[in-house]
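The lines below spell out each chain.
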Amino acid sequence: MTQPLAKPARKPNLPAALYRLRTAIDRLVKPTMAYENNTYIEAPGLYVQLKTAVVFGQQSNAGGGGGSKSRPPFWVDAAEQLNNIDLMVNVWPTGSAGSTVQQLRALAAKTWTVEDTDKVRKLAGIINAWADDINTLLNHDHIKHITAPCPACGAETVQKRDSAGELIRSPALQVITEQGCTCQQCGYYWAPDKYIELAKELGIGLPEGVLE
């Protein structure tokens, strides 16, 4: 009996993995536009925002007197996250020295081979998880999720890696009240002044905490 021919192995999609990596790095280090007081302003990248939060935490915790002051939970979490990012980036094959931001930009510009596809995909997942964690830290309970398909790409959930590198699933549409709604699958963005329009398009009410 003739054995069926085995299907050829699927060729790794390096361009798609590189796109995800570079998009993830942009999420972490590239300045963004934020919506504040009915206008758009340029905000530092998430990594810089995290570092600033840690510095301000150190300053607010400093003071005279011999006794030590307890550090607020937010400051501790932000400092741990910053330290984790710095340590991991320093051992990654960025091909560059310098600050964490400089090394991440070097990682985005690095030349990879097809054999590196899985590694590139995993790095992108970890960096995206860092961006999500920083958003959670900086915005606290202002992050919402919409359980509905993205109008732009149709994705309802995304598979991503957490900061430990483990694969998890979460809703694709993520809302940060003051900044906007972003599809974590395709990257499509709705500004805060488009919330009502988006809700009507999805056929749902506005997420709790998001005001008209």
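Position numbers for residues start from 1 in each chain and track the written sequence from start to end. Side-chain atom pairs in this predicted model are given and counted only at pLDDT of 80 or more, local residue features only at pLDDT of at least 70, and totals for whole chains, interfaces and linings cover all residues. Just so you know, side-chain values use all the structure's heavy atoms and leave hydrogens and water out.

Topic: the pattern of salt bridges
Here is step 1 of the chain: Criterion for a salt bridge: a side-chain nitrogen of Lys or Arg within 4 Å of a carboxyl oxygen of Asp or Glu. Tallied over the full model, the rule gives three salt bridges.
Here is step 2 of the chain: Notably, a salt bridge pairs D118 with R121, separated by 2.8 Å at the nearest N-O pair. One end of the pair is D118 and the other is R121, both in helix 5 (residues 117–139) and three residues apart, which spans about a single turn.
Here is step 3 of the chain: Here E197 makes a salt bridge to K194, at a shortest N to O gap of 3.9 Å. Numbered from the N terminus, helices here are DSSP runs of H or I no shorter than four residues, and strands are runs of E no shorter than two.

Concerning the side chain of T100
Here is step 1 of the chain: Residue placement: T100 occurs in helix 4 (residues 100–109).
Here is step 2 of the chain: A 1.4 Å probe rolled over the protein chains alone gives each residue an accessible area, and that area as a share of the maximum for its type sets the label: buried under 20%, exposed over 50%, partly exposed in between. Given a relative accessible area of 7%, T100 falls into the buried group.
Here is step 3 of the chain: For T100, the contacting residues outside a window of four places in its chain are Y47, I85, D86 and V89. Note on contacts: a residue pair is in contact if any heavy atoms of the two residues lie within 4.5 Å.

Some points on the side chain of Q174
Here is step 1 of the chain: Examined against the element boundaries, Q174 turns out to sit in strand 6 (residues 173–176).
Here is step 2 of the chain: Owing to a relative accessible area of 9%, Q174 belongs among the buried residues under this scheme.
Here is step 3 of the chain: In contact with Q174, not counting residues within four places along its chain, are D132, N135, I143, K144, H145, G180, C181, T182 and Q184.

A short note on the confidence of the model for the chain
Detailed reading of the predicted model is not advised wherever pLDDT is low.
Here is step 1 of the chain: Overall, the prediction assigns the chain a mean pLDDT of 79, with 75% of residues at 70 or greater.
Here is step 2 of the chain: Each residue gets a pLDDT score, which is the predictor's confidence in that residue and runs from 0 to 100. Here strand 1 (residues 32–36) is the element of the chain with the lowest mean pLDDT, 65, and helix 4 is the one with the highest, 94.
Here is step 3 of the chain: Within the model, pLDDT remains below 50 along residues 59–71, and this stretch shows six contacts once partners closer than five positions in the same chain are excluded.

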